[in-house]
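Analysis of the macromolecular model
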Amino acid sequence: MSTLPSHLFEAIDHVGIAVPDLDVAIAFYTDTYGMTVAHEETNEEQGVREAMMTVGDPEAPHAHIQLLAPLSPESSIGKFLERSGPGIQQLAYRVKSVDEVSTALRAKGLRLLYDQPRRGTAGSRINFIHPKDAGGVLVELVEPAGGEH
């Protein structure tokens, strides 16, 4: 049995914000806050159109805000907007191995939303800790594609 590190998370990867209209939200974050779009995509599996907005100097180490707009009212983001309105939907932590961290968290009694990791933004691998097991916060685990940390 392998020994897991005492710390499971490497850093805060991003904060996800549910928005009803991605283009309007991008314009607001760009024009009002001076953020830039680092990446934009449609993730059919997750039912979202999303944009990662760079906070701070794009040439320096930085954090991201992830804007999430639903592809349909039945998607998880569509349901979130219906229930809670626009706002913070998730907190995402960067991990070296989503598989190892998922195993460690399950061993501590936490429930994860997926049995196996799924594809996230830009080819990352993701899973989520159930909010009822994380103090009411939907926590995303993000293993960046290609080992980017």
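Attention here is on the structure that accompanies the text. (Residues numbered from 1 in each chain as written. Predicted model: local features only at pLDDT ≥ 70, side-chain atom pairs only at ≥ 80, totals over all residues. Heavy atoms only, no water.)

**Digging into helix α2 (residues 76-84)**
When we look at burial in α2, the residues that qualify are Ile77, Gly78, Phe80 and Leu81. Mapping the buried residues of α2 onto a view down its axis gives an arc of 160 degrees, with all of them on the same face. Turned more than 90 degrees away from the buried face of α2 sit Glu82 and Arg83, all of them exposed. Close packing links the buried residues of α2 with β1 (11-18), β3 (48-55), β4 (63-70) and β5 (87-94). Gly85, located one to two residues past α2, shows a positive phi value of around 80 degrees. (Buried < 20%, exposed > 50% of the residue type's maximum accessible area, 1.4 Å probe, protein only. Helix = DSSP H or I, 4+ residues; strand = E, 2+ residues; numbered from the N terminus. Arc of directions from axis to C-beta. Contact = heavy atoms within 4.5 Å.)

**Re the side chain of Asn127**
For Asn127, the location among the structural elements is in strand β7 (residues 125-129). A residue is classified by how much of its surface remains accessible, and Asn127, at 1% relative accessible area, is buried. One polar contact links the side chain of Asn127 to the main-chain carbonyl oxygen of Tyr114, over a distance of 2.9 Å. Those residues within four positions of Asn127 in sequence are excluded, and the remaining contacts are Val98, Ser102, Arg106, Leu112, Leu113, Tyr114, Gln116, Pro117, Val139, Glu140 and Leu141. (Polar contact = N/O pair within 3.5 Å; in protein donor to acceptor, adjacent residues only side chain to side chain.)

**Some details on the nonpolar core**
One recurring pattern in soluble globular proteins: nonpolar side chains tend to sit buried together. Ile17, Val19, Leu22, Ala25, Ile26, Tyr29, Met35, Ala51, Met53, Ile65, Leu67 and Ala69 form the largest nonpolar core, which has twelve residues in total. Considering every element that reaches this core, the biggest residue donor is helix α1 (residues 22-33), with four residues. Of all hydrophobic cores here, the second largest spans ten residues; its members include Val101, Leu112, Val139 and Leu141. (Core = buried A, V, L, I, M, F, W, Y, C linked by side-chain atoms within 4.5 Å.)

**A closer look at the pairing of β3**
Counting buried positions over the eight residues of β3 gives six, a clear majority of the element. Of the pairings in the sheet, the one linking strand β2 (residues 36-43) to β3 comprises seven bridges and is antiparallel in character. If you follow Val37 over to β3, its bridge partner there is Met53. Once β2 ends, the chain turns through four residues before running back antiparallel as β3, passing Gly47 with a positive phi of about 75 degrees. In this sheet, β4 lies alongside β3 in antiparallel orientation, the contact comprising eight bridges. Of the residues in β4, the one forming a bridge with Met52 is Gln66. (Pairing = 2+ DSSP bridges.)

**Quick word on helix α3 (residues 98-107)**
Of all the residues in α3, the buried ones are Val98, Val101, Ser102, Ala104 and Leu105. Down the axis, α3 shows its buried residues gathered within 165 degrees of arc, on one side only. Exposed residues pointing more than 90 degrees away from the buried face of α3 are listed as Thr103 and Ala107. Against the buried residues of α3 lie β7 and β8 (139-143). Among the residues trailing α3, Gly109 stands out with phi positive, at a value near 95 degrees.

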